[in-house]
Amino acid sequence: MKKYASILMAACTVALLGACGGSKSSETTDDANAVKGELGLFELQGPVKECVWGEGDATLTRTFDENGFWTSCDGRSLAEIYPEGIQRDDSGRIVAGVMDADGNGEEYSYNEFNKIAKYNYHEFDTTEEDTYTYDADGNLQKKHVEQGGMDAEEPYDETYDDVTTDEHGNWISRHVTTNTGNGWIESRTITYYSGAADGEE
């Protein structure tokens, strides 16, 4: 089975956002379910305030500000996750974070849908590169995972079925299958900012 929701999920177990760029700017839109800020890193859209991801007994909680920018993971601020600094693009989105003085960290790139296109993790000899494939409407179709290091798995692809979504179009349950024969169920509980129809506060 895959690592703990891939290392993109595990990022917050090691460290997030020391200031290393200009002020954050939100891509404004009238669409209530827009992929704002950094929501697209985590397959989220709309006025998301908190997302609790779960797989079996494992859970992971991320929070976001009202512009969709990532603020914490499992109670740790981005500055705690990436204490050696953050790089951001012209839209204020995180593109790299450094976790320690040895330069270990993560890189992110985005596609035309403001969603994650590629993710890279490196910590000494342990590496992971995830490449995401979408359909013409911006729906995730596949994630290709390649790992390096002593405990690395062989490259594999993840695909998704039995997907249940909420009123904002965010998946809250899905079945994940790999081309190596593994499978598991993922679920999410999503809280929205005031005025949202689902998970209103």
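Structural data are supplied above this passage.
Here the structure is a predicted model, which means the values were calculated and not measured.

1. Observations regarding the pattern of salt bridges
No. 1: Counted under the stated rule, the structure contains five salt bridges.
No. 2: We note a salt bridge from R174 to E43, for which the minimum N-O separation is 2.7 Å. In this pair, R174 sits in strand 12 (residues 171-178) while E43 sits in the loop between helix 1 (6-14) and strand 1 (48-55), placing the two residues 131 residues apart along the sequence.
No. 3: E43 sits in the partly exposed class, given a relative accessible area of 21%.
No. 4: Between D89 and R93 there is a salt bridge, and its shortest N-O distance comes to 2.7 Å.
No. 5: Given a relative accessible area of 12%, R93 falls into the buried group.
No. 6: Each member of the salt-bridge network shares a partner with another, and the members are E43, R174 and E186.

2. Observations regarding unusual backbone geometry
No. 1: At E43, a position not held by glycine, the phi torsion is positive, near 55°.
No. 2: We note that D162 has phi near 50°; this positive angle belongs to a residue other than glycine.
No. 3: For D162, the position within the fold is in strand 11 (residues 156-165).
No. 4: Judged by relative accessible area, which is 62%, D162 ranks as exposed.

3. What to know about the layout of surface pockets
No. 1: Roughly 450 Å³ of volume is contained in the largest pocket.
No. 2: Lining the largest pocket are 19 residues, and of these K115, G138, N139, L140 and G169 sit closest to its centre.
No. 3: The biggest single contributor to the lining of the largest pocket is strand 11, with three residues.

Procedures and definitions
Residues numbered from 1 in each chain as written. Predicted model: local features only at pLDDT ≥ 70, side-chain atom pairs only at ≥ 80, totals over all residues. Heavy atoms only, no water. Salt bridge = Lys/Arg side-chain N within 4 Å of Asp/Glu carboxyl O. Helix = DSSP H or I, 4+ residues; strand = E, 2+ residues; numbered from the N terminus. Buried < 20%, exposed > 50% of the residue type's maximum accessible area, 1.4 Å probe, protein only. 1 Å grid on protein atoms, 1.4 Å probe; cavity = no way out; pocket = protein on both sides within 12 Å on 5 of 7 lines; lining within 4 Å. Points joined across faces, edges and corners; volume = space filled by probe spheres on them.

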